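Residue strings, one per chain:
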4 protein chains.
Amino acid sequence: MSKPYGVAVIGAGYWGPNLARNFRGSSAWDLVAVCDTDAVRAQRVVGPRSTVEVETDVHRLLARSDIDAVAIATPAATHAPIALAALAAGKHVVVEKPLAPTSVDASKMVRAARDAELILMIDHTYCYTPAVTYIRDVIASGLLGRLLYVESTRINLGLIQPDVDVLWDLAPHDLSILDFILPGGLTPTRVSATGSDPLGAGRACVGHLTLSLPGGGDAHINVNWLSPTKIRQMVIGGSHRTLVWDDLDPLRRVSVHDRGVDLGSPDADERHASAVSYRLGDITVPALSEKEALGSMVEEFAAAIRGDRPSRTDGIAGLRVLSVLEAADHSMAANGSPIRPRFVDTTTGDLE
Amino acid sequence: MSKPYGVAVIGAGYWGPNLARNFRGSSAWDLVAVCDTDAVRAQRVVGPRSTVEVETDVHRLLARSDIDAVAIATPAATHAPIALAALAAGKHVVVEKPLAPTSVDASKMVRAARDAELILMIDHTYCYTPAVTYIRDVIASGLLGRLLYVESTRINLGLIQPDVDVLWDLAPHDLSILDFILPGGLTPTRVSATGSDPLGAGRACVGHLTLSLPGGGDAHINVNWLSPTKIRQMVIGGSHRTLVWDDLDPLRRVSVHDRGVDLGSPDADERHASAVSYRLGDITVPALSEKEALGSMVEEFAAAIRGDRPSRTDGIAGLRVLSVLEAADHSMAANGSPIRPRFVDTTTGDLE
Amino acid sequence: MSKPYGVAVIGAGYWGPNLARNFRGSSAWDLVAVCDTDAVRAQRVVGPRSTVEVETDVHRLLARSDIDAVAIATPAATHAPIALAALAAGKHVVVEKPLAPTSVDASKMVRAARDAELILMIDHTYCYTPAVTYIRDVIASGLLGRLLYVESTRINLGLIQPDVDVLWDLAPHDLSILDFILPGGLTPTRVSATGSDPLGAGRACVGHLTLSLPGGGDAHINVNWLSPTKIRQMVIGGSHRTLVWDDLDPLRRVSVHDRGVDLGSPDADERHASAVSYRLGDITVPALSEKEALGSMVEEFAAAIRGDRPSRTDGIAGLRVLSVLEAADHSMAANGSPIRPRFVDTTTGDLE
Amino acid sequence: MSKPYGVAVIGAGYWGPNLARNFRGSSAWDLVAVCDTDAVRAQRVVGPRSTVEVETDVHRLLARSDIDAVAIATPAATHAPIALAALAAGKHVVVEKPLAPTSVDASKMVRAARDAELILMIDHTYCYTPAVTYIRDVIASGLLGRLLYVESTRINLGLIQPDVDVLWDLAPHDLSILDFILPGGLTPTRVSATGSDPLGAGRACVGHLTLSLPGGGDAHINVNWLSPTKIRQMVIGGSHRTLVWDDLDPLRRVSVHDRGVDLGSPDADERHASAVSYRLGDITVPALSEKEALGSMVEEFAAAIRGDRPSRTDGIAGLRVLSVLEAADHSMAANGSPIRPRFVDTTTGDLE
């Protein structure tokens, strides 16, 4: 076993404690410090009878030589300056989603990491769940066939955010998952979004987002802060089989349905006429492990550093998600008119 | 008990047998005949050891004096001519949905019935379920408060229809329910619809439809013929409470959630800032009867005739649904651009 | 297609109408008459505009030559005399469960049918559901391995019967299913039952019944009239796989779980020590048809007559169920002490 | 805020880490040391960069003056000697269930704590869940009416324990909950238990336990190590309402059903005759907090010490549970014959 990397968590708010807990639990990491401008809050994360240090100044933190990497869990507006400073100081960086407030900022971060030959990773936590890993593999294996549609629902009573609407708050989860599981990543040519603010909260609290899929179908995402019931479900319809992921059902989190519609004839004209048939086959619920996703994420961060290779949720993934979110913003302002997202050069991180 | 009305069912295909069974089971009706151009199919509906007559000619049927009313369950394209002939012959008419293939036809039917002082009813079956009746009452009572959003999902492996897309096949259910439960009926000023045909079936198999609600929110309808799982669910979010109707869960078909978001301040600027709070109150599952909807529908048909009053699902309701469907068609052709439906004069049945 | 058999339904109470409807819907049968001492009730089953006859006298009915078979749905106390009279008149007989009030009566019926070379069938309706048919086949195929335990739960708010307790009312369903799916039929060597009457209704309203299975495990049945939730579930644990049948979940009525405990060592002493491991494999939900069980039952009745062979739920099955119920009665009176049921000679219908 | 109590966790196996985590997270406690004969295992619980001490000798630990209390999570066989030594050293004690291997040992522990005027608490964790707290309150309020029956199901694929059968492994949860929620605690006059070992594991892997309730009904407990599905459900039937607790359904963990059977007449004879009616009223799902039970348990331990009062799950509760388990053992050995548990003097902890 090699020596653990020294790491600091920057930001002791909502997500920072979860990051700290997982770095602490991993033998690949040595949590050296927790950094927050509010020392009391940082100390609360460190807890009693601990020699993990509390740090209140980011620059002092970044100057330390016992820290190899930082995890940034501060408000989104500060992600870019902190990450750029950390990269400049030679630290590897993992950032809580979203990568940055704008794709332009994010593109800068990706290029800075590339130039410095350091890891820039985005904490798309869902991509480290056993369910999403399984889904990516099953799509790649061809078992589902060609993808026909995706329906993703992420609704719950949510804290109305002071700075972002429901789309920016919740849809990044769905988009990062799509980026991870779609064979070519998230590259829609068309995005339509609508949102409503029936409470007069000043920002959309209910949203619908439609993305074109490469093969001709659509992916649809429904996000809602006002729902008394909590649903986290994604349905991935394929020409051979359909996968249902119900994240709140631990007994049947993922099920693969061998059911579908078969068009009888390859001849297009015939097809329209009539002849369809149904496969009403079995449903399979695969056994999945119950490993905590965030634990796998911090392991992947260490493995990417050690292997000098991009992580499974590289900065570029965060950039692609931002490009789609910005297109959704424009579409919502234009009452749902379709918008083409800015193209992201996957090699360089440049924006079209 | 007054003498039962004589009734004939026209059309012995998919829905006709259900209508026949319910007329037979009602003491308000005397099923005199089943009419279909295919005598064998009609005889199959009549069954053995029965004196219900088989008729193969609509005009001969309409000339009979022992028939007071007809139920039309023929293909949609034939609804208008048959209904107009029946009204001309002095018969009351109930029509399987949709009322007609176009709103222009439907408007003619509504005016013809009005002129002839006969009942023209649309068989919006769902409106006669105990659940939908309860929902209408609970909205009218104010228990939910102001309506913030509606989400309706109706997905299943469906027979790809030779003549209509998934929107025309399934969304009429949702629209007829909205027309029934919304205090002012279905009168959206804006309709957006998108659809996709990933199988190359020649018509949309997956569709999303968004309607503006009077109070500022949206109603959203998702229909899908390609889903291996069957969902029939409607969520009605209100400012006080939210109602969830899960039609496939007999144990908890309707639940009312006393949960929601409260904006702290009536002052709009303040509101945006932050202060929101959550009610995490109880859920109530009301006891509902398990009466068959179609049985209630045929009773209502008789009661409307007897009382000389419009039925609870009058022809005008069917006309309003058609007006929205046609707007959805136009929106889908324009890639989801918002369309304003034609206005329906609720008194005269005239179209704007 | 051969000529349909003439049949009469005797008893127009709760179950008779269901039988009548299914005989009417089958081309193998001609429903000639409905017989009940209450002519109005019988006429209600026949319905309007029908030439099916109403009969109020069983003996006059049995004297008719246009009737080949009768279905008996009268109170249990009358099953034996009516069935014996029908057999004496040369009619084939199907009887609603229970076959008779006592195993002695039932044994007489079985022997009478055997002597007369007529079909005596018991309407164990559940055995004709696609789910139970599947379960029998999957057990027979060996897929589940050796049976380790069965847990059956049948609870609901139930009508407290004037003449029978909850065990006699509900457990016959579970017992008839066990008789059908267990490779050797229902032949426990030990039955324990307890019941309680916490309402003071005069008979047990909550009951638990344990039967020894041939391989060393137990089958346990829980019946309850006082439960506000309705559960109809059977779990069949096997050494290889476990099957769960949830009759109220149409989407996942049957699921086969490839999960279980493996004892590491064949050596008994070692085994106890420790070495167990777990298989956490997939779950499979087989596709089942949605055919109505009672329709399959009436088809089987006709097929048994035509093929001159015992039906899949022969009189002897009803007799075995009665033998277990009587043992359960004795056990309940002795506060759960184990009782050995009377042995049923499967060939002759004789009781030990 | 008063000074936190010093505490040590003894036993770093399965449950110890959970206790350590919750003591660490509580401001009422200062986790001073983790004690285990295996220092590596103890160090793993302490974790890196911590000044919590590792101790390998219980007696050295108990001699420390900076420790006010200990939590014992060692194998059951060692509970009594360690607890007695801790009490002798003037430490307050909380013990993982079961309190001791025998009721005789447990009685000694209760008396020792009483004599030393120290807290002896049993970690009946479930009693600190919001659900069980709610259930106790709702029963005490009379909302359910008189208790008619309890059905508890606790089944899952379970580790076959080397030393105890499924009854001793799982039923203590159900029994401790019953002890907590029943107005007079757990005092059945009759216990019947059956168990089966169909795998040949050397001990019962499937068990059924029936206890008499004070009001005439029964409580029934089903435990099973061989079930591929996980169920943790308790149904508490009352004369007014019935409560269903489904611990694995976070959305509807507890529901109160206003449904039941009403016997029409107070006259016993009449009652049997017929007249019953049904209430099919609403279901209510109360809002419950999502607080971690073990956190509440450690707070209660501190509060009991501070207030010099018995904790909500006092040693005597653990003793009552043992008395019932021992009766169940005897019943199982006698094939389910009913056994009367030894009486526990609630004031003194003496056994009858």
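This is a predicted model, so every value here is computed, not measured. (Residues numbered from 1 in each chain as written. Chains lettered and ligands numbered in written order. Predicted model: local features only at pLDDT ≥ 70, side-chain atom pairs only at ≥ 80, totals over all residues. Heavy atoms only, no water.)

Once that is clear, we can look at unusual backbone geometry. Where the residue is not glycine, phi is negative for most of them; where a peptide bond is considered, it is trans in most cases. Omega for the bond connecting C:Lys97 with C:Pro98 falls within 30 degrees of zero, at -5 degrees, which places this linkage in the cis form. Its place among the elements puts C:Pro98 in the loop between strand S5 (92–96) and helix H5 (103–116). Within the chain, B:Arg49 stands out as a residue other than glycine whose phi angle is a positive 50 degrees. By the element assignment, B:Arg49 lies in the loop between helix H2 (39–46) and strand S3 (53–55). In this model, D:Glu117 sits at a positive phi of 55 degrees, which is unusual for a non-glycine residue. Residue placement: D:Glu117 occurs in the loop between helix H5 (103–116) and strand S6 (120–123). Taking relative accessible area as the criterion, D:Glu117 reaches 66% and is therefore assigned exposed. (Helix = DSSP H or I, 4+ residues; strand = E, 2+ residues; numbered from the N terminus. Buried < 20%, exposed > 50% of the residue type's maximum accessible area, 1.4 Å probe, protein only.)

It is worth spelling out the sheet that holds strand S4 (residues 69–72) of chain B at this point. All names here are of chain B. Judged by pairing direction, the sheet is parallel, and its six strands sit side by side in the order S3-S2-S1-S4-S5-S6 without closing on themselves. Sheet topology places S3 and strand S6 (120–123) at the edges, where each strand pairs with a single neighbour. On average, each strand axis in the sheet is inclined to that of its neighbour by 25 degrees, with strand direction left out of account. Pairing of strand S2 (residues 29–35) with S3, which is carried by three bridges, proceeds in the parallel orientation. In the sheet register, Val34 faces S3, and the bridge partner there is Val54. (Pairing = 2+ DSSP bridges. Axes fitted to C-alpha atoms, helices over the stretch in contact; angles between N-to-C directions.)

UniProt tags residues 134–243 of chain A as "domain: GFO/IDH/MocA-like oxidoreductase" (unreviewed entry). With 21% helix and 42% strand, residues 134–243 of chain A has its two end C-alpha atoms placed 11 Å apart. (UniProt positions renumbered as here; feature names shortened; annotations may be inferred.)

This part covers the UniProt feature "domain: Gfo/Idh/MocA-like oxidoreductase N-terminal" (unreviewed entry) in chain A. As annotated in UniProt, the feature "domain: Gfo/Idh/MocA-like oxidoreductase N-terminal" (unreviewed entry) corresponds to residues 7–124 of chain A in the numbering used here. Measuring from the first to the last C-alpha atom of residues 7–124 of chain A gives 19 Å, for a span that is 40% helix and 23% strand.

The next thing to look at is the packing of aromatic side chains. The geometry of an aromatic ring pair is captured by the separation of the ring centres together with the interplanar angle, meaning the angle of the planes. The full count for this structure, using the stated rule, is 20 aromatic pairs over all chains. Residues C:Tyr5 and C:Trp29 carry aromatic rings whose centres are separated by 5.8 Å and whose planes lie at 50 degrees to one another, so their mutual orientation is tilted. Taken together, the residues C:Tyr5 in strand S1 (residues 5–10) and C:Trp29 in strand S2 (residues 29–35) connect sequence positions 24 residues apart. Given a relative accessible area of 5%, C:Trp29 falls into the buried group. Centroid distance D:Phe23 to D:Trp29: 5.0 Å. Interplanar angle 80 degrees. Geometry classified as edge-to-face. Through pairs of rings, three or more aromatic residues link up here, namely A:Tyr5, A:Phe23, A:Trp29 and A:Phe301. (Phe/Tyr/Trp six-rings, centres within 6.5 Å; stacked < 30°, edge-to-face > 60°.)

The next point concerns the pairing of strand S8 (residues 191–196) of chain B. Residue and element names in this part refer to chain B. In terms of residue burial, S8 counts as a mostly covered element, since five of its six residues are buried. Pairing of S8 with strand S9 (residues 206–212), which is carried by six bridges, proceeds in the antiparallel orientation. Considered in S9, the bridge of Ala193 is made with Leu209.

Quick look at the relation of the copies chain B and chain D now. For the match of chain B to chain D, the screw axis carries a shift of 0.0 Å, the RMSD comes to 0.0 Å, and the turn is 180 degrees. Taken together, these values place the two copies in the relation of a two-fold axis. Measuring from the rotation axis to each C-alpha of chain B, the shortest distance belongs to B:Thr284, at 2.2 Å. (Least-squares fit on C-alpha atoms with pLDDT ≥ 70 in both.)

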